[in-house]
Amino acid sequence: MEDAAIVALYWARDEQALAETTAKFGAYCRKIADNILHSAHDAEECENDTWLAAWNSMPTNRPARLAPYLGRITRNLALDRFDRAAAQKRGSGQTCAPLDELAECVAAPGSVEDSFDAAETGRLISAFLRTLPEETRSIFLRRYWYCDATADIAARYGLTESKVRVTLHRTRGRLAAYLQERGAAL
């Protein structure tokens, strides 16, 4: 079923929308959540929470493409769940490696001013990504948006893990320089 038809089902408040969404995007959303949480049970709960969030948000939103819309919801829910779990296990040493890698490029928000800076930084990162070659952009997004392991990225694109790690390292360096040139808070 096409995305527009599924969105129309949500707007009509037809429960068939949930079945169609699960069939078309279930594995996609579970993979995003599992890459962050490393737990099939938690990933499944995130998937279900995504369907609820989509159900609640659709009467006011009409996304043209459901994959990025649902992916963003899933990712945010998984990161929130990860943060709650980490707060319960203070000092456990568990962190999300891809996000730690990006910490050298982007400052963590805390205040209202930081939130504004974070939104501007997000726009700058999007602009930076549009300047990258397709393969480099895909590798970057697989690692830092989907939290894929470097081995999985290497297998997906037929590269060595070393090539993926070097590409990510160089791209992070270019991103840091790009953000610094434009005055983003680092």
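Please read these numbers as outputs of a predicted model, since none were measured by experiment.

A. Summary view of the confidence of the model for the protein. Model confidence for the protein is summarised by a mean pLDDT of 84, while 81% of its residues fall at 70 or above. pLDDT under 50 marks residues 90–95. Its contacts with residues more than four places away, or in other chains, come to four contacts. With pLDDT under 50 throughout, residues 111–115 is counted as low confidence; its partners more than four residues away or in other chains account for three contacts.

B. Just the side chain of Thr-50, in detail. Tracing the sequence through the fold places Thr-50 in helix α3 (residues 40–57). Judged by relative accessible area, which is 0%, Thr-50 ranks as buried. Looking at Thr-50, its side chain comes within polar contact range of the side chain of Thr-74, at 2.9 Å. Beyond its immediate sequence surroundings of up to four residues, Thr-50 is in contact with Cys-29, Leu-70, Ile-73, Thr-74 and Leu-77.

C. Main features of the packing of helix α7 (residues 134–144) against helix α9 (residues 161–181). Between α7 and α9, whose axes approach to 10 Å, the crossing angle comes to 90°. Between α7 and α9, the angle falls in the class roughly perpendicular. Counted together, Thr-136, Ile-139, Phe-140, Arg-143 and Tyr-144 of α7 and Val-164, Thr-167, Leu-168, Thr-171, Arg-172 and Leu-175 of α9 form the full contact between these two elements. In the contact of α7 with α9, the residues fall into six nonpolar, three polar and two charged.

D. Up close: the pattern of salt bridges. For the structure shown, the criterion picks out nine salt bridges. The shortest N-O distance in the salt bridge between Glu-47 and Arg-30 comes to 2.7 Å. You can see Glu-47 sitting in helix α3 and its partner Arg-30 sitting in helix α2 (residues 16–37), a full 17 residues away along the chain. A residue is classified by how much of its surface remains accessible, and Glu-47, at 4% relative accessible area, is buried. When salt bridges that share partners are traced, they join Asp-42, Glu-45, Asp-49 and Arg-81 into one network.

E. The packing of aromatic side chains, seen in detail. All told, the structure shown has four aromatic pairs when counted by the stated rule. Here Phe-128 and Tyr-178 contribute two aromatic rings whose centre-to-centre distance is 5.3 Å and whose plane-to-plane angle is 55°, an arrangement assigned as tilted. Pair noted here: Phe-128 is in helix α6 (residues 112–131) and Tyr-178 is in helix α9, with a separation of 50 residues, a long-range link. A single burial state applies to Phe-128 and to Tyr-178, both of which are buried. The side chain of Arg-62 reaches across the aromatic face of Trp-11, ending 4.1 Å from its centre.

F. Geometry of helix α8 (residues 150–157). By the burial criterion, the buried members of α8 are Thr-150, Ile-153 and Ala-154. Seen from one end, α8 has its buried residues packed into an arc of 100°, which puts them on one side. Opposite the buried face of α8, at more than 90 degrees from it, the exposed residues are Ala-155 and Arg-156. Looking one or two residues beyond α8, the residue adopting positive phi is Gly-158, at roughly 65°.

Reading guide: rules and limits
- Residues numbered from 1 in each chain as written.
- Predicted model: local features only at pLDDT ≥ 70, side-chain atom pairs only at ≥ 80, totals over all residues.
- Heavy atoms only, no water.
- pLDDT = per-residue confidence, 0-100.
- Contact = heavy atoms within 4.5 Å.
- Helix = DSSP H or I, 4+ residues; strand = E, 2+ residues; numbered from the N terminus.
- Buried < 20%, exposed > 50% of the residue type's maximum accessible area, 1.4 Å probe, protein only.
- Polar contact = N/O pair within 3.5 Å; in protein donor to acceptor, adjacent residues only side chain to side chain.
- Axes fitted to C-alpha atoms, helices over the stretch in contact; angles between N-to-C directions.
- Parallel < 35°, antiparallel > 145°, perpendicular 65-115°, else oblique.
- Nonpolar A, V, L, I, M, F, W, Y, C, P; charged D, E, K, R; others polar.
- Salt bridge = Lys/Arg side-chain N within 4 Å of Asp/Glu carboxyl O.
- Phe/Tyr/Trp six-rings, centres within 6.5 Å; stacked < 30°, edge-to-face > 60°.
- Lys NZ or Arg CZ within 6 Å of the ring centre and 35° of its normal.
- Arc of directions from axis to C-beta.

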